[in-house]
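So you can see what is in the structure, the chains are spelled out below.
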Amino acid sequence: MTSHAEAVHGGHEHHGPPPAHKSSRVDARVLGMLLFIGSEIMLFGSFFTVYFFVRVVNPDAPSEWPPPPYEFPVFVAGINTAILVTSSFTMHWALQSIKRGQRSAFLAGMVITFVMGLAFLLTQVIEYLHVGFNTGDGAFASVFFGLTGLHGAHVAVGLTLLGMVIIRGFRGHFSPEHHHGVELPGIYWHFVDIMWIVVYSTVYLL
Amino acid sequence: MTTTQHEPEQVEAYPEHFEPPHGPTWRLIFGPGLVRGVWVAGLFFVLGMLLVAGLRFWWGWDPVWLWDVILPIAGMVTAPIGFLGGIGAFDYWLHYISGRPTRPEDHSGHGARTWKDYFRVNTDHKVIGIQYLVTTFTFFTIGGLMAMFFRAELAQPGLQFLDSQTFNGLVSAHATLMIFLFIIPAFAGIANFVVPLMLGAPDMAFPRLNALSYWLLPIAGVLFLASFLAPGGSFATGWTGYAPLAEGQPLGQTFFNMGVQWAGASSVMTALNFLVTIITMRAPGMTFWRMPLLVWANFTTSLLVVIATPFIAGSQFFVMFDRIMHTSFFTPEGGGYALGYQHIFWFYSHPAVYIMMLPGFGIVSEVISANARKPIFGYRLMALSLVGILFLGFSVWAHHMFVAGMADWLRVPMMITTLLIAIPTGIKVFSWIATLWRGRIHLTTPMLFALGFVTMFVIGGLSGIYLGSVPIDIAASDTYFIVAHIHYVLFGGSVFTIFAGVYFWFPKMTGRMYDERLGKLHFWLTFVSFNATFFPMHYIGLRGMPRRVFDYDEAFGDLNFVITIASFVLGASFVVFVYNVVQSWVRGPVADANPWRAHSLEWQVSSPPPIFNFDEIPQVVGGPYEYGVPGARHAVMRSGEAAREVQHA
Amino acid sequence: MRKGIVQLVAIAVLIGVLVTLVAVLFQWLPTSASEEFDRIQDIYWFATIISIGIFAVVAAVVVYSVWKWRVPLDDDADGPPIHGHTGLEIIWTAVPAILVIAIGIASAVVLSENGRAGERPLQVNVVGQQFTWKFVYSDYGDLTSGELVLPVGREVRFTMTSVDVIHSFWVPNFGQKQDAVPGIETTILVTPKRTGEFAVICAELCGLGHATMRAKARVVTQSEFDAWVKEQAG
Ligand code: HEA
Ligand code: HEA
Ligand code: CUA
Ligand SMILES: [Cu+2]
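Keep in mind it's a predicted model, so treat the numbers as computed, not measured.

**Student:** Explain the coordination of the copper ion (ligand 4) here, please?
**Tutor:** Four donors placed tetrahedrally around a metal ideally meet at 109.5 degrees, and six donors placed octahedrally ideally meet at 90 or 180 degrees. Residue and element names in this part refer to chain B. The coordination sphere of the copper ion (ligand 4) contains the protein donors His350 (ND1), His399 (NE2) and His400 (NE2), at a distance range of 1.8 to 2.1 Å. Going along the chain, you hit the donors of the copper ion (ligand 4) in the pattern H-x48-H-H. Here the copper ion (ligand 4) and the iron atom of ligand 1 are spaced 4.5 Å apart. Of this pair, His350 sits in helix H10 (residues 338-355) while His400 sits in the loop between helix H12 (379-393) and helix H13 (411-420); the two residues are 50 residues apart in sequence, bridging distant segments of the chain.

In structure tokens, the structure reads:
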């Protein structure tokens, strides 16, 4: 309720509630996003837990991981990692640009970020098709598809948010004063990137 | 039946930017609302179906029309999303995304003028609170009726009139509805109504998210109930849905897997909202150490929800993947680990029992201090003990697995942490009874329920201590002793506090007073029949009757018969409550703004509160429980004071 | 005030006595048939004594306060503004802490005693399967039986697993219970101390036949046991 319009419309006198007292310096929406991310981390945590159970606790866990005939496409995923990490920087650049009022740099940054995210997702789909095993091929495949799939779903959500920013960006809704709508998806996108690094290290490298 | 007073010009059904649909028919079909919800849900169901079938056709998988996959996607994901879109839960965000003009401060969805407004997407926390309560009590009735059915079956050993699938299905659905659609959201409902008022805030931090959280609930409930129509019957693996049993079950189990996701999403969103509201929207002067304990309770509960709930989401996803995508998270044949499920499940579900208790602690603190006319004893320690339970609550999950075959070395540490929870809980119990000491005790209905709670919860907590001791648990686990524990903490605990809360804030919510005599009748009937129903269960459990059985040893026949009769009386006692609430809501005497002469902020505004709660945000100047302190005030109301005068005139 | 305290204590004692009667007049526990259950029952009584005390205190204060300080609903006055009392708060933090730690230590001791295997226990492998039990005596050439027969006085080690879903092996009179989990092996020790017939019950929901997943356990003398083994093998 404390929010101000990203771009003010109509702007007529509105009879509403008294503005709430701001009892914290933290912005409500940023706090909300951070708490949401906390909850997301726990969701990933449950997936890492199940990974831990099948690979470490389980007395029948295979000593080699993944079990011999199968291999994880470490290299392709490595490239994908590079793509995603770079996109975090372009995202940051886009946000800084709109803060400085450089609209075209902002838009360019957003579009590049979006395209890189999309490239990541497509690579992952192709990787799934060529990986050489399927969900039914054992617990190692379960955690592989589970963790990368969960992350992929988060990339998809992130892309939706970025898409939203792009649409509104082209319509001129953001300005140096009003850029919360960029900042929040940005925070989420950084989270998705960092999570990928963790997923990549545990699933592919460990 | 309105909850809020209005100055009509504040509310426009359609703000100027959202083009209003043309004629009334057009508006009915295409305007946000239940009608649009239903047809868009149908549309999305078909879309989801085509999506699955199309993909399967494309990959060349056979058969294309595999209902075990189509139903989970189309029926449990896309159709509910369509429903939410249809009733209008996403309208604002869709406008925002598409870049059309929006007005964040738009209050078109605020307040209720007629009863019909309760069936719309409403962003007013007071309306949402009532929506929650009415919905959850509906599910309580359904879940309770299920208990009546299987209790009737249990009156004698052997199968009488149910079959084993139906029996297990009823027990599972009973517990699932009670937990996910009654206790947890009923507390969210009370808190929704009360917390923003107590904080001196005009609404929750994210009113639209708040509305969305509410509308996810009926989806979960409908899924749980719809499972009874699934081929093979409803889910029948208990509310715990242990793998690997759950993985070989018919389609009904998927309804459980997905229903839990919707209910869980709803609680996470609400919890986020409470946390942000409590952190950022407190009135000036409302420091953390001046917040009423109900707010503290919901603060800690919300932290539990945000941190723990993703784990149950995970556990149900894994089971569903194992069922549908043939993964092997928990199936040993494929290299999975069966006990993993229980660890992940209980990492949520133990904290969940505190999610189902802490808000009740909050309610009881409010009720006892207002009705004993004394400050709550040891306010700070009361708040800190909540925080203590919050932390300890995460370190005890394996006490549900003492006989499950988990690592032996985990048993003793988990036993110790489990037993330690008695300390902060004990602090709360002793502080409540110390608050009674030398008070001026008003035995109103909410007070009766609060005192009933204190005594009954101690019994339930003490049986928890027995179970916390590993050797005793080895003997008592999975017997009716557990069933007795569950109901002493959940019924004698949580449900009693919900009743206390509903009676206590009834005048605030409805503007009318409930009938005190019926309320007392309700309490005494419930109190006696509750004990008659559940106390003997300790005995039959220890003597050797396992839980979740339709058939049992002849020796337990007589006691089970007595229990069944008592449970029918318990069911009947609820009818008194329903009658009291309905008839008082319609034509009870008009209530004062502050019938209990309580100090917290919600009582300083009219009953029901004005649409935006406060004309001006109050200034908080002291603690919320300064009963008997000469000249003490919790808050200065400024012009809110004037509003009260008007109401009395 | 002194009189008040006396009254309060009287109420507490009264409640305590009533609850104690409930605790001892009914036979809450099945008659023990194993040494392990004897030890568990000791803990049970220890916890019961503590529980009775605590319940009596809480209930007495509630009853006494309502009796003494109840006022009519239209009474307008407030109670004395007591905000807390540090000494009391310390007491009711410390005393429960001591009590639960005592329960914890006693439980840990019993647990480790019940889990300490003596020399050469009788080995019985238990296999759970929807909805029957199978007992395999590996000391006697994998003799397999659907009935559990045990010699009295000899420690038995049950090692269990399941071929499908989770079951739970439970003999109420032995006081011991252990889940049989597919994919892993779990164990539990029982030393039967009394001859007789007991029920083996599946305690973990395992499907539609869960309620009927029962078997018979017979504790017999050593000579009867040897005879039974011979008969089964022959
Ligand atoms: C509201 C819900 C709620 C609450 C609050 C609790 C509270 C507690 N529970 Fe319970 N529990 C459940 C709901 C709840 N439980 C449910 C639903 C199950 C079954 C799940 C299933 O399998 O279906 C369960 C099962 C369960 C088990 C597993 C049993 C089994 O399956 O084998 C155990 C074992 O340790 C346990 C222990 C405890 C303990 C120690 C507490 C403690 O928090 C209690 C603390 C309170 C007190 C002790 C009383 C007040 C304290 C004092 C007056 C101070 C002095 C006290 C002492 C010195 C002892 N519970
Ligand atoms: C908050 C939680 C809650 C509540 C309130 C209840 C309420 C009741 N429960 Fe339940 N129960 C659980 C949570 C709860 N239960 C859980 C978690 C389990 C474990 C399940 C598992 O093993 O997985 C369980 C299991 C359970 C069992 C064990 C089943 C088994 O193991 O085989 C039994 C057996 O008696 C039982 C009985 C009852 C009864 C008689 C009530 C009564 O209190 C119900 C009273 C009835 C009503 C309140 C409704 C009456 C309605 C009417 C009379 C119609 C009136 C209509 C109008 C007014 C419109 N419950
Ligand atoms: Cu096997 Cu229950
Ligand atoms: Cu627990």
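There is more to say, and it comes next.
**Student:** Help me out: how do you make sense of helix H9 (residues 293-324) of chain B in this one?
**Tutor:** All names here are of chain B. Its 32 residues give H9 an end-to-end C-alpha distance of 45 Å, which sits within 8% of 46 Å, the value for a rise of 1.5 Å per residue. By the largest-angle criterion, Ala308 marks the main kink of H9, which is about 35°, and a proline, Pro310, follows within four residues. Across the 32 residues that make up H9, a large majority, 28, are buried. Downstream of H9 by a residue or two, His326 has a phi angle that is positive, lying close to 60°.

**Student:** I would appreciate a short explanation of the packing of helix H11 (residues 358-372) of chain B against H12(B) in the present structure.
**Tutor:** How two helices sit against one another is set out by the angle between their axes and by the gap between those axes. Residue and element names in this part refer to chain B. Two elements in contact, H11 and H12, have axes whose closest approach is 11 Å; the angle formed by their N-to-C orientations is 170°. In terms of axis orientation, H11 runs roughly antiparallel to H12. Each of Leu358, Phe361 and Ser365 in H11 lies in contact with H12, whose residues at this interface are Met382, Leu386 and Ile389.

**Student:** I tried to follow the domain arrangement of chain B on my own but got confused; where do I start?
**Tutor:** It is common to give the size of an interface as the accessible area that goes away when the parts come together. All names here are of chain B. As assigned here, chain B comprises domain 1 (8-97) and domain 2 (122-587). Of note, the centres of domain 1 and domain 2, computed from C-alpha atoms alone, are 32 Å apart. Contact residues are listed per partner, giving 17 residues for domain 1 and 13 residues for domain 2. A combined buried area of about 1,300 Å² lies between domain 1 and domain 2, and 88% of that area is made up of carbon and sulfur atoms.

**Student:** What is the right way to look at the interface of chain C and chain B in this model?
**Tutor:** Between chain C and chain B, the residue contacts involve 81 residues of the former and 90 residues of the latter. Considering only the side of chain C, the residues that lose the most area to chain B are Trp28(C), Trp92(C) and Leu205(C), jointly responsible for 10% of the buried surface there. At the surface where chain C touches chain B, the tally comes to 20 residue pairs in polar contact (both at pLDDT 80 or more). Looking at the side of chain C that touches chain B, the elements with two or more residues in it are helix H1 (2-25), helix H2 (35-69), helix H3 (86-115), strand S7 (176-180) and strand S8 (186-190) of chain C. In terms of residue count, the dominant contributor to the side of chain C that touches chain B is H2(C) (17 residues).

Each value, and the rule that gives it
- Residues numbered from 1 in each chain as written.
- Chains lettered and ligands numbered in written order.
- Predicted model: local features only at pLDDT ≥ 70, side-chain atom pairs only at ≥ 80, totals over all residues.
- Heavy atoms only, no water.
- Donors = N, O, S within 2.8 Å, 3.2 Å for Na, K, Ca; no water.
- Helix = DSSP H or I, 4+ residues; strand = E, 2+ residues; numbered from the N terminus.
- Expected span 1.5 Å × (residues − 1).
- Bend = angle between axes of the 7 residues up to and from the residue.
- Buried < 20%, exposed > 50% of the residue type's maximum accessible area, 1.4 Å probe, protein only.
- Axes fitted to C-alpha atoms, helices over the stretch in contact; angles between N-to-C directions.
- Parallel < 35°, antiparallel > 145°, perpendicular 65-115°, else oblique.
- Contact = heavy atoms within 4.5 Å.
- Domains from an automatic or database assignment.
- Buried area = accessible area lost by both parts, 1.4 Å probe.
- Polar contact = N/O pair within 3.5 Å; in protein donor to acceptor, adjacent residues only side chain to side chain.

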